[in-house]
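Residue-level listing of the chains:
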Amino acid sequence: MAKATKLVIGNWKMFPTTILEAKKMFTTFKKQRRNDVGVTTVICPPLPFLEPLKKSYTGTKIFFGAQDVFWHTEGAYTGEVSADMLKSVGARFVLVGHSERRALGENDEMVTQKVRASLEAGLHTVLCIGETTRDSQGHYLRVLRDQIAGSLRAVSKAQLKKLIIAYEPVWAIGEGNQAMTTHDLHQMLLFIKKQLIELYGKTLADSVPILYGGSVDETNAHSIVYDSGVDGLLVGRKSLNPFTFSTIISEVSRKPARVTKK
Ligand code: PGA
């Protein structure tokens, strides 16, 4: 993923209930979009809606992604879906290790297999990481370091090209929570980069886009991206409202005002 463009991903989670509603949401969203200069937009709908949405809207500049994947290519794994299957129905991106999946029992070992399988299949793979809580002693940093190392354990340097990291502190996700401050996010960005450098070296680490997720909305999107230095956003709730999600993309597309030197 070229770092020159910002990446905004909408994660619809398990909404809406029907394909009709999904099509309506997507049509409304698409009508809002004009010229997303400098922004790549991705929507991750529930899996049964991915192909119908993709099929009815070929030719748009919006990419589609899945919310999960399994690590085997095929086999007797009831209910699972492989990376190649996702690709064959039009997914170009996939989220792996979202905190809501980790809360359902997914561990780093499963996540690293999923990341590897997705990268091998050529999908842009969004590895989600983030601490559940913070403490004043900084233990959360160790948690995060272990999570990064564990989630990438099976991933070699050669496979890294399409990796994207989404840093989503779990305490900032969902109703009633607040996005992290841009100052703190900048610190975390440096911390995550340092972990990637230790694992893969500076050049490769620098090529991995790092996104932020957790209570992103139309009022904070611009400052989160341009004040903290992240490469884009992973948006949950606010991606379900086509107008709000569209405004978020416009905000990210709006370049920050230049500070003129005196
Ligand atoms: P939120 O969710 O934007 O609703 O906080 C983010 C996420 O879970 O990816």
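A quick note: this is a predicted structure, and the numbers were derived from the prediction, not measured.

Engineer: So what about the overall build of the chain? Which residues, and what values?
Structural biologist: From N to C terminus, the chain includes 10 helices and 8 strands. Relative to the compact-globule value of 18 Å for 262 residues, the chain shows a C-alpha radius of gyration of 18 Å, a close match. Sequence-distant contacts, at least 24 apart, represent 74% of the contacts inside the chain between residues at least 6 apart. Only carbon and sulfur atoms are counted for the fraction: they give 54% of the accessible area of the chain, which is about 13,000 Å².

Engineer: An account of the side chain of lysine 13 is needed here, citing residue identities and associated values.
Structural biologist: Of note, lysine 13 is situated in the loop between strand S1 (6–11) and helix H1 (19–32). Since its relative accessible area comes to 18%, lysine 13 is described here as buried. Of the polar contacts made by the side chain of lysine 13, one reaches the side chain of glutamate 100; its length is 2.8 Å. Those residues within four positions of lysine 13 in sequence are excluded, and the remaining contacts are Cys44, Pro46, Gln67, His98, Glu100, Ile173 and Gly236.

Engineer: Go over the packing of aromatic side chains, please, and point to the residues and values.
Structural biologist: Counted under the stated rule, the structure contains 6 aromatic pairs. Relative to phenylalanine 64, the ring of phenylalanine 26 has its centre 5.4 Å away and its plane inclined at 40 degrees; by these criteria the two rings are tilted. With phenylalanine 26 in helix H1 and phenylalanine 64 in strand S3 (residues 62–66), the pair connects residues that are 38 residues apart, well separated along the chain. Exposure class is identical for phenylalanine 26 and phenylalanine 64. Each is buried. With a centroid separation of 4.4 Å and an interplanar angle of 35 degrees, the aromatic rings of phenylalanine 70 and tryptophan 71 are classed as tilted. One aromatic cluster is present, built from ring pairs that chain together Phe26, Phe29, Phe64 and Phe245.

Calculation notes
Here the residue numbering is sequential within each chain, running from 1 through the sequence in written order. Restriction of local features to residues with pLDDT of at least 70 applies here, the model being predicted, together with a cutoff of 80 or more for giving and counting side-chain atom pairs; totals for whole chains, interfaces and linings are based on all residues. To obtain the side-chain values, all non-hydrogen atoms of the structure were included, while hydrogens and water were left out. Put simply, DSSP marks the helices as runs of H or I at least four residues long and the strands as runs of E at least two long, and each gets a number from the N terminus on. The reference for a compact globule is 2.2 Å times residues^0.38; the radius of gyration itself is calculated from the C-alpha atoms. Throughout, a contact is declared for two residues whenever any of their heavy atoms are within 4.5 Å. Residue exposure ignores everything except the shown protein chains as possible cover, and the areas themselves are Shrake-Rupley values with a 1.4 Å probe. Categorising residues by exposure relies on relative accessible area from a 1.4 Å probe, with only protein chains included: less than 20% of the type maximum marks a residue as buried, more than 50% marks it as exposed, and the intermediate range marks it as partly exposed. N or O atoms closer than or at 3.5 Å make up a polar contact, with two conditions inside protein: a donor-capable atom paired with an acceptor-capable one, and, for residues adjacent in sequence, both atoms drawn from side chains. For Phe, Tyr and Trp, rings pair up if their centres lie within 6.5 Å, where Trp contributes its six-membered ring, and each pair is then called stacked (planes under 30 degrees apart), edge-to-face (over 60) or tilted (otherwise).

Any functional reading would require information beyond the geometric quantities listed.
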